[in-house]
Amino acid sequence: MDQLLQHLQRVGVHNLKSDRVVMLEILENRLHLASEIDVLINELLDKLHSSSLKKIMLECPKILLDSLNSTRSKMEIVGERVVYRRSLITPLNVSIPDYTRVD
């Protein structure tokens, strides 16, 4: 199991493992590695039954998820997350609150 997690790490799949749960997270678009990632996650899912783990959670971009055919067939989508990005080049217009100093 640990070798699989290390291999996943090398292809850009970050992971956190506790005694009962493994969380996998793909932050960047790894579409060019989708087939390798799909095989590795499937191997991990197969080993789930013979381990003390109870759950594997995966968070990744939708475009990549659409390419993980075997993984999608074995896992259930339970929610979606929307990430909003904003450039911070233009400063936010936030006023400084007034306060009174108490000695």
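Student: I keep staring at the pattern of salt bridges and nothing clicks. Help me out?
Tutor: Two side chains with opposite charge may pair up if their charged atoms get near one another. The full count for this structure, using the stated rule, is four salt bridges. Salt-bridge contacts for Asp-46 lead to Lys-74; the nearest nitrogen and oxygen are separated by 2.9 Å. Taken together, the residues span a long stretch of sequence, with Asp-46 in helix H2 (residues 34-48) and Lys-74 in helix H4 (residues 69-74) at a distance of 28 residues. Note on Asp-46: relative accessible area 47%, which makes it partly exposed. What makes Lys-74 partly exposed here is its relative accessible area of 46%.

Student: I'm lost on the environment of Gln-6 in this one. Help?
Tutor: Relative to the assigned elements, Gln-6 resides in helix H1 (residues 2-10). Taking the relative accessible area as the measure of exposure, Gln-6 reaches 47% and is therefore partly exposed. Between the alpha carbons of Gln-6 and Ser-52 there is a distance of 18 Å; along the sequence they are 46 residues apart.

Student: Please clarify how the pairing of strand E2 (residues 21-25) should be interpreted in this entry.
Tutor: As a general feature of sheets, a regular strand has side chains that alternate between the two faces. Residues of E2 alternate between two faces, with Val-22 and Leu-24 buried on one and Val-21, Met-23 and Glu-25 left unburied on the opposite face. As paired strands, strand E1 (residues 14-17) and E2 are joined by four bridges and run antiparallel to one another. Within the sheet, the bridge partner assigned to His-14 lies in E2 and is Glu-25. In textbook terms, the turn of a hairpin is the stretch between consecutive antiparallel strands, and for E1 and E2 this stretch comprises three residues. Bridge analysis of E2 against strand E3 (residues 55-59) gives five bridges, and the strand direction is parallel.

Conventions adopted
- Numbers given to residues run from 1 along each chain, matching the order in which its sequence is written.
- For a predicted model such as this one, the threshold for reporting local features is a pLDDT of at least 70, and the threshold for listing and counting side-chain atom pairs is 80 or more; totals across whole chains, interfaces and linings nevertheless cover every residue.
- Hydrogens and water molecules were not included; the side-chain quantities draw on all heavy atoms of the structure.
- In the sections that follow, a salt bridge refers to a side-chain nitrogen of Lys or Arg positioned within 4 Å of a carboxyl oxygen of Asp or Glu.
- Strands here mean DSSP runs of E at least two residues long; helices mean DSSP runs of H or I at least four residues long; both are numbered from the N terminus.
- Each residue gets one of three labels from its accessible area relative to the maximum for its type: buried under 20%, exposed over 50%, partly exposed in between, using a 1.4 Å probe on protein chains only.
- Here the rule is simple: two strands pair whenever DSSP picks up at least two bridges between them.

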